[in-house]
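If you want the building blocks of each chain, they are given just below.
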Amino acid sequence: MTQVNFRIDEDVKAKAESALNDMGLTMSTVITMFLTKVGRERRISFEITDDPFYSKSNMRYLEQMMSDVKSGKAHFAEHELIEADD
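In what follows, the accompanying structure is described. (Residues numbered from 1 in each chain as written. Predicted model: local features only at pLDDT ≥ 70, side-chain atom pairs only at ≥ 80, totals over all residues. Heavy atoms only, no water.)

## A few points about helix α2 (residues 27-41)
Taking 1.5 Å per residue as the helical rise, α2 with its 15 residues ought to reach 21 Å, and the 21 Å between its terminal C-alpha atoms agrees with that figure. At the C-terminal side of α2, R42 shows a positive phi close to 60°. (Helix = DSSP H or I, 4+ residues; strand = E, 2+ residues; numbered from the N terminus. Expected span 1.5 Å × (residues − 1).)

Now the structure itself:
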């Protein structure tokens, strides 16, 4: 048996522990299950995708917008909210 240490955001850990507790599982058990499956199947058994919000082009766009806001170049107009019909 070996021990693995890693760092994780406190909020992520708390939410995961709460959910796992509701399922009757521990963090250690689930991590062991995950790593066993990765070792057996040689793949991660869920889809991992990147969020387009964090793409380089969007980050550049957002940084430019913030620069424009800070320098007074960005102009915002008040408008009425449109309620969507369900």
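## Quick look at the environment of N5
Tracing the sequence through the fold places N5 in the segment before α1 (10-22). Here N5 falls in the exposed class, since its relative accessible area comes to 65%. A distance of 3.4 Å separates a polar atom in the side chain of N5 from a polar atom in the side chain of Q3. (Buried < 20%, exposed > 50% of the residue type's maximum accessible area, 1.4 Å probe, protein only. Polar contact = N/O pair within 3.5 Å; in protein donor to acceptor, adjacent residues only side chain to side chain.)

## Description of the layout of surface pockets
In this structure, the largest pocket spans a volume of roughly 370 Å³. Every residue lining the largest pocket is counted, 13 residues in all, and those nearest its centre are V4, F6, S28, I31 and T32. Of all the elements in the fold, those that place two or more residues in the lining of the largest pocket are α1 and α2. Ranked by residue count, the leading element in the lining of the largest pocket is α2, at five residues. Residues of the lining of the largest pocket, tallied by class, amount to seven nonpolar, four polar and two charged. (1 Å grid on protein atoms, 1.4 Å probe; cavity = no way out; pocket = protein on both sides within 12 Å on 5 of 7 lines; lining within 4 Å. Points joined across faces, edges and corners; volume = space filled by probe spheres on them. Nonpolar A, V, L, I, M, F, W, Y, C, P; charged D, E, K, R; others polar.)

## Let's talk about the pattern of salt bridges
Close approach of charged atoms lets side chains of opposite charge pair. All chains considered together, the criterion is met by four salt bridges. Across the pair K37 and E41 runs a salt bridge whose closest N-O atoms are separated by 2.8 Å. Of the two residues, K37 and E41 both sit in helix α2, four residues apart, roughly one turn of that helix. Close ionic contact of E41 with R43 constitutes a salt bridge, the shortest N to O distance being 3.1 Å. A relative accessible area of 29% means that E41 is categorised as partly exposed. Sharing partners across several salt bridges, the network here consists of K37, E41 and R43. (Salt bridge = Lys/Arg side-chain N within 4 Å of Asp/Glu carboxyl O.)

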